[in-house]
Amino acid sequence: MQVLSSVHAFQNQCLDLRCSGRVTALVPTMGYFHEGHLSLMRWARENADTVLVSLFVNPAQFGPAEDLDRYPRDLERDQDLARESGVDILFTPQADEVYSPNHDTWVDVPGLSTYLCGQSRPHFFRGVCTVVCKLLNMALPHTAVFGQKDWQQMVVITRMARDLNLPVQIVGRPIVREEDGLAMSSRNAYLSDQERRQAAHIYAGLQYIQDWVRDGETGTAKLKSRLEDYYARNIPSGRIDYVHFVHPWELTPVDRIDSQVLAAVAVHVGSARLIDNMLIQG
Ligand code: AMP
């Protein structure tokens, strides 16, 4: 596995790969790898000739009061895990090379970005889209792989790629969970033992929704309040950011579960803001 930090070197090498006809897949990440990240790398290993992984904690997607400075990092461990997962090139650029001091161009998908996480993180998707667009331009991959844990991110990036005619296929892969159901996340490292136990209820609550729907409750206002009650009772260290029921690809609110609907939640537990989601069948 090669580790490249220079944008120029990475871009040149990826251009050569693209010209050589090899099929490449890019997995964009912010590092501190867990099984969720590794599942994307393994999928890429099975479906491409060359696996590219970017590891970049993107300042542009963090708000001023968010956790950019304390976001967990462990480059040595990440290198070992990437190598074991069959990654060919690990790209680890510095922020000042990705964003020049007079950087002035932003990629925005303003409609989809206003829902769900966009409400409490208004600049988040502009930062994500800009960095992903830059990474796609540097890496020129045939495929870029994203996790469904960040469902809205996958939807926004898919729309961006379509709207801008980017020559890449966006692939979404299933959420990888801990044994008790908590979605794996680098931010789980912020949780105390007690918070960690409570955080498992985020997914447990989502699972109840499908039962409530099966028992005949299909109005999303009722389902939302039942889930909020469940969280209030079972996650005393938690503060709900949102519980929403939306169209999976438009992200618009839906009143009734009569077709496939995405239940999406964000909950602050201690100092971690955790997100999760589940497709609910009507
Ligand atoms: P991050 O490093 O958190 O920006 O995540 C990098 C990629 O890994 C994104 O496409 C995420 O959606 C994906 N990812 C993160 N956690 C998980 C998970 N538990 N299961 C599947 N994919 C994940």
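Residues numbered from 1 in each chain as written. Predicted model: local features only at pLDDT ≥ 70, side-chain atom pairs only at ≥ 80, totals over all residues. Heavy atoms only, no water.

**Student:** Please clarify how the sheet that holds strand β7 (residues 238-246) should be interpreted in this entry.
**Tutor:** Within a sheet, neighbouring strands are paired by backbone hydrogen bonds and run either parallel or antiparallel to one another. The sheet built from 3 strands is open, its strands ordered β7-β8-β9 with antiparallel pairing. Two strands lie at the open edges of the sheet, namely β7 and β9 (272-280), each paired on one side alone. In this sheet, neighbouring strand axes are inclined to one another by 15° on average, regardless of whether the strands run parallel or antiparallel. Bridge count between β7 and strand β8 (residues 261-269): 8 bridges; the pairing is antiparallel. (Pairing = 2+ DSSP bridges. Helix = DSSP H or I, 4+ residues; strand = E, 2+ residues; numbered from the N terminus. Axes fitted to C-alpha atoms, helices over the stretch in contact; angles between N-to-C directions.)

**Student:** Would you mind going over the side chain of S54 with me for this structure?
**Tutor:** Tracing the backbone shows S54 in strand β3 (residues 50-55). A relative accessible area of 0% means that S54 is categorised as buried. Once residues lying within four places of it in the same chain are set aside, the contact partners of S54 are L26, V27, P28, T29, F91 and L135. (Buried < 20%, exposed > 50% of the residue type's maximum accessible area, 1.4 Å probe, protein only. Contact = heavy atoms within 4.5 Å.)

**Student:** Hey, could you run me through the nonpolar core in this one?
**Tutor:** In a soluble, globular protein the nonpolar side chains are often hidden away together inside. With 47 residues, the main nonpolar core has F10, L52, V132, L136 and M160 as its most contacted residues. Those elements that provide at least two residues to this core are α1 (7-20), β4 (89-91), α6 (124-139), β5 (143-147), α7 (151-163), β7 and β8. Leaving out residues up to four positions away in the same chain, M160 has contacts with V107, V109, C129, V132, C133, L136 and L166. L191, Y230, I235 and M278 belong to the second-largest nonpolar core, a separate cluster that totals 31 residues. (Core = buried A, V, L, I, M, F, W, Y, C linked by side-chain atoms within 4.5 Å.)

**Student:** What should I look at first to understand the site of the ligand in this one?
**Tutor:** The environment of the ligand is formed by 18 residues, the closest being M30, H37, D150, V176 and M184. A distance of 2.6 Å is found between an oxygen atom of the ligand and a side-chain nitrogen or oxygen belonging to D150. One nitrogen or oxygen atom from the main chain of V176 is found 2.8 Å from a nitrogen atom belonging to the ligand. Breaking the shell around the ligand down by element, the ones donating at least two residues are β2 (24-29), α2 (35-47) and β5. Looking at the shell around the ligand element by element, the count peaks at 3 residues for α2. Among the residues forming the shell around the ligand, the class breakdown is 9 nonpolar, 7 polar and 2 charged. (Near = heavy atom within 4 Å. Polar contact = N/O pair within 3.5 Å; in protein donor to acceptor, adjacent residues only side chain to side chain. Nonpolar A, V, L, I, M, F, W, Y, C, P; charged D, E, K, R; others polar.)

**Student:** I keep staring at the environment of S113 and nothing clicks. Help me out?
**Tutor:** Take S113: it is sitting in the loop between α4 (95-98) and α5 (117-120). Remark: the alpha-carbon pair of S113 and E178, spanning 65 residues in sequence, is separated by 28 Å. Leaving out residues up to four positions away in the same chain, S113 has contacts with G118, F125, Q152 and V156. At 2.6 Å, the side chain of S113 and the backbone oxygen of V109 are in polar contact.

**Student:** Would you explain the packing of aromatic side chains in this entry?
**Tutor:** The geometry of an aromatic ring pair is captured by two quantities: the separation of the ring centres and the angle between the planes. Counted according to the given criterion, the structure contains 9 aromatic pairs. Taking the centre distance of 6.2 Å and the plane angle of 25° together, the rings of Y99 and W106 count as stacked. Given the relative accessible area of 12%, Y99 is considered buried. Judged by its relative accessible area of 34%, W106 falls in the partly exposed class. The residue whose ring lies beneath K134 is Y99, and the NZ or CZ to ring-centre distance is 5.3 Å. The residue whose ring lies beneath R177 is Y203, and the NZ or CZ to ring-centre distance is 3.6 Å. (Phe/Tyr/Trp six-rings, centres within 6.5 Å; stacked < 30°, edge-to-face > 60°. Lys NZ or Arg CZ within 6 Å of the ring centre and 35° of its normal.)

**Student:** When you look at helix α9 (residues 220-234) in this model, what are you seeing that I'm missing?
**Tutor:** Each α-helix turn comprises 3.6 residues. Residues three or four places apart therefore point the same way. Given a rise of 1.5 Å per residue, 15 residues ought to cover 21 Å, and the 21 Å separating the end C-alpha atoms of α9 matches this to within 8%. If you follow the buried residues of α9, they end up packed against α8 (193-214), β7 and β8. (Expected span 1.5 Å × (residues − 1).)

**Student:** Sorry if this is basic, but what is going on with empty space enclosed by the protein here?
**Tutor:** In this approach a probe as big as a water molecule rolls over the atoms, and the regions it shows empty are the leftover space. Here the structure, examined in full by the defined rule, presents 1 cavity of 30 Å³ or more. Put simply, the largest cavity is a space of about 60 Å³. Every residue along the wall of the largest cavity is listed here: K149, L182, A183, S185, N188, I202, L274, I275 and D276. Looking at the lining of the largest cavity, the element that brings in the most residues is β9, giving 3 residues. Residue composition of the lining of the largest cavity, by class: 5 nonpolar, 2 polar and 2 charged. (1 Å grid on protein atoms, 1.4 Å probe; cavity = no way out; pocket = protein on both sides within 12 Å on 5 of 7 lines; lining within 4 Å. Points joined across faces, edges and corners; volume = space filled by probe spheres on them.)

**Student:** What's the story with the domain arrangement of the protein in this structure? I'm lost.
**Tutor:** A common way to state how big an interface is: give the accessible area lost once the parts meet. Looking at the assigned domains, one finds that the protein contains domain 1 (2-173) and domain 2 (190-280). Put simply, the middle of domain 1 and the middle of domain 2, counted by C-alpha atoms, are 27 Å apart. On the side of domain 2, 18 residues touch domain 1, which itself brings 19 residues to the contact. Buried surface at the junction of domain 1 and domain 2, both sides included, amounts to about 1600 Å², of which 62% is carbon and sulfur. (Domains from an automatic or database assignment. Buried area = accessible area lost by both parts, 1.4 Å probe.)

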